[in-house]
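Coordinates in review
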Amino acid sequence: MDMENVATWFTIAMFLITLVAIKIARGKTSSHILSTRSRPPSVNAIALLYSLFRKGFGLPFVHDLYTRFGSVFTINLFGANITLLVGPNISAHLFQGLESEISIGNLNDLTIPMFGQEVLYGVDTAIRSEQINFMVDALKLSQLRSFIDPMFEEVEAYFVKWGQDGMVDLKHELDQLLMFISSRCLLGYELHAMHEEIYSLFHELEKGVNIVSFFFPYFPTPTNRRRDKAHARLKEIFSTIVRSRRSLCSSQAQEDVLQRLIDSKYKDGRSVTEEEISGMMIALTFAAKRTSAHTSIWTGARLLSNTESLMAALKEQMHIISKYQNQIGYDAFLEMDTLHRCIKETLRMHTPAPVLFRKAHETFRVQTKEGKEYDIPGGHNVVIPTALNHKLPCIYKDPEAYDPDRFALGREEDKVGGKYSFTSFGGGRHFCPGMSFAYLQIKVIWSHLLRNFESKIISPFPKTDWRNLGGEPKGKLMISYKRRQLTC
Ligand code: HEM
């Protein structure tokens, strides 16, 4: 057994020991649920183990708990209370509550060794809010149009390397391509020549997100050690670039995301430090690349296995070609409504952030759709299981079916289901500032693939791998392709 497996089994063993210890310490009987009048039902150790062994880790496990305990329940894990709120009708406080009432807290501790002690979850809430605002400003919608040419160039340059026909692992290809786009659009021109190194450094960082590091972010597994080395090297690279840019006169300043971060100032007038800029660049690239690669790959798996949706997307591309010929620019991408819905439906079924976490600082009350009221005590960790919410049949008809038209005018199941029915990009205070950027880059990739290649999926439809917490496609995703020129 290699070290990673040892670490995974160590985590599971710790988890089981803790559950048993909690059970013994509390001297519970065989009852599965403990409830007080307004506290959520508490899932005890035996009930939890029962679901874990029956369903395994991941969405099926959470789904099983939901069917057994209802839409609000508390799990006690390693002494911490984790309360799950299932369904959009009880999500509002998590998204809208003030930071003083409910915040991201220290639940994202696993990101500190990835992004650094100087930014985001390594600093206090006030500084974190300012840093998030710097990133949001750097990505403002008005600047989105300026990303289209670089995205286009990167996509064309990448696929020109494919032959007349062949077989590729789409997972590997799109992961690489997304790194090229992120480097070009987010990291700055200096890094373009270092693509290979940057790609492998981010790859090591991404591997740092897993079940072991979630519970033990500093446990010295080989993965965590490689993650720390990758972080140190990225910090060194970014610091050198920031220093060099700061030494240039203003007329030589660049117009890119990195420059906007370099020019940011805190409310007290302090400039951002090299370490802070490095941390924000790593965080931004991580947030952008990993989620978008995940979505592009699943979009491929879904589109290439669903003839009806594939035909609809191709028909739309033909219409775009007839309208814009070779001048496919920003406005043409805004018109790709069918492709947009195919991506959105992929996000519903394979959301890259399957759960959202918060820490409640004050008690708050929720009411289930059946009318039951519960008080969620301050101190509880609160979880919205987005992946499960997206599969609720009371919101999404036939939720296991890939049906992009559920978001079309006249149906709009996400809107009918109420605010927070679709939360792949979060909601409220921490709504993802990169949503439009993400849709744009995935559309640029898939419209290019549809117009220039006839592709077929040749490996079995991928299972979901929950070990890395994001629900990636398991194994390779092999496709065969043949060049073509789609015409109208
Ligand atoms: C398919 C692609 C993407 C998905 C599914 C996604 C999802 C999310 C989600 C769910 C959140 C909220 C987390 C929470 O509430 O705890 C979030 C926040 C964030 N995302 Fe994205 N994201 C994507 C792409 C991007 C891109 C392309 C960027 C930047 C270029 C980006 C930058 C951010 C940042 C900076 C935040 C933090 C916002 C805050 O805390 O206020 N994301 N994203």
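Keep in mind that this is a model prediction, so the values were computed, not measured.

1. Regarding the site of the ligand
Near the ligand there are 22 residues, and of these Ala288, Thr291, Gly426, Cys432 and Gly434 occur at the shortest range. Contributing elements (two or more residues each) for the shell around the ligand: α6 (125-138), α13 (274-304) and α19 (435-452). With six residues, α13 is the single largest residue contributor to the shell around the ligand. Considering only residue class, the shell around the ligand consists of 15 nonpolar, seven polar and no charged.

2. Quick look at the environment of serine 244
Examined against the element boundaries, serine 244 turns out to sit in helix α11 (residues 222-246). Assessed through the 10 C-beta atoms surrounding it within 10 Å, serine 244 is described here as exposed. A C-alpha to C-alpha distance of 60 Å links serine 244 and glycine 371, two positions 127 residues apart in sequence.

3. Quick word on the UniProt feature "binding site: heme" (unreviewed entry) in the chain
Under the UniProt annotation, the feature "binding site: heme" (unreviewed entry) is placed at Cys432. With respect to the helices and strands, cysteine 432 occurs in the loop between α18 (413-416) and α19. Judged by local crowding, cysteine 432 falls into the partly exposed class, with 19 C-beta atoms found within 10 Å. Other than its neighbours up to four places away in sequence, cysteine 432 contacts Phe425 and Gly426.

4. Some thoughts on the environment of serine 129
In this fold, serine 129 is placed in helix α6. Taking the C-alpha atoms as reference points, serine 129 and histidine 430, separated by 301 residues in sequence, lie 9.8 Å from one another.

5. Thoughts on the sheet that holds strand β6 (residues 165-169)
In space, the three strands of this open sheet follow the order β6-β14-β11, with antiparallel pairing throughout. Every interior strand has two partners, whereas the edge strands, β6 and β11 (453-457), have only one. Each adjacent strand pair in this sheet contributes to an overall mean axis angle of 25 degrees, direction not counted. Sheet contacts for helix α8 (residues 170-187): β6 and β14 (478-483); angle to β6, the most-contacted strand, approximately 80 degrees.

6. Side note on the nonpolar core
Judged by nonpolar contacts, the single largest core of 72 residues is most densely connected at Leu261, Ile277, Met280, Met281, Ala283, Leu284 and Ile445. Per-element accounting of this core gives the leading share, 13 residues, to α13. Discounting residues that sit within four places of it in the chain, alanine 283 has contacts with Phe115, Val119 and Leu120. If you look at the next biggest cluster of nonpolar residues, it comprises 30 residues, including Ala45, Leu84, Phe95 and Ala360.

7. Some thoughts on the environment of phenylalanine 180
By the element assignment, phenylalanine 180 lies in helix α8. When the C-alpha atoms of phenylalanine 180 and tyrosine 158 are compared, they prove to be 8.6 Å apart, with 22 residues separating the residues in sequence. Other than its neighbours up to four places away in sequence, phenylalanine 180 contacts Glu154, Tyr158 and His195.

8. A look at unusual backbone geometry
Residue leucine 120 is not a glycine yet carries a positive backbone phi of 45 degrees. Topologically, leucine 120 is positioned in the loop between α5 (112-115) and α6. Although it is not a glycine, tyrosine 420 adopts a positive phi angle of roughly 70 degrees. Here tyrosine 420 shows up in the loop between α18 and α19.

Conventions we followed
- In this convention, every chain numbers its residues from 1, walking through the sequence in written order.
- The predicted origin of the model limits local features to residues at a pLDDT of at least 70 and limits the giving and counting of side-chain atom pairs to 80 or more, whereas totals for whole chains, interfaces and linings rest on all residues.
- Working rule for contacts: place C-beta from the backbone, and if it is within 6 Å of a molecule or strand, that residue counts as near it.
- Counting from the N terminus, the helices are the DSSP runs of H or I reaching at least four residues and the strands are the DSSP runs of E reaching at least two.
- Following the grouping adopted for this structure description, the nonpolar residues are Ala, Val, Leu, Ile, Met, Phe, Trp, Tyr, Cys and Pro, the charged ones are Asp, Glu, Lys and Arg, and the polar ones are all others, Gly among them.
- With C-beta atoms placed from the backbone, the exposure class of a residue follows from how many other C-beta atoms lie within 10 Å of its own: 20 or more, buried; 12 or fewer, exposed; in between, partly exposed.
- UniProt positions are given in the numbering used here, feature names are shortened, and annotations may be inferred rather than shown by experiment.
- By definition, residues are in contact whenever their C-beta atoms, placed on the basis of the backbone, come within 7 Å of each other.
- Should DSSP find at least two bridges between two strands, the strands are regarded as paired.
- What counts as an axis is a line fitted to C-alpha atoms, over the stretch in contact for a helix, and the angles between N-to-C directions run from 0 to 180 degrees.
- In these notes, a nonpolar core means any group of buried Ala, Val, Leu, Ile, Met, Phe, Trp, Tyr and Cys residues linked to one another through C-beta atoms within 7 Å.

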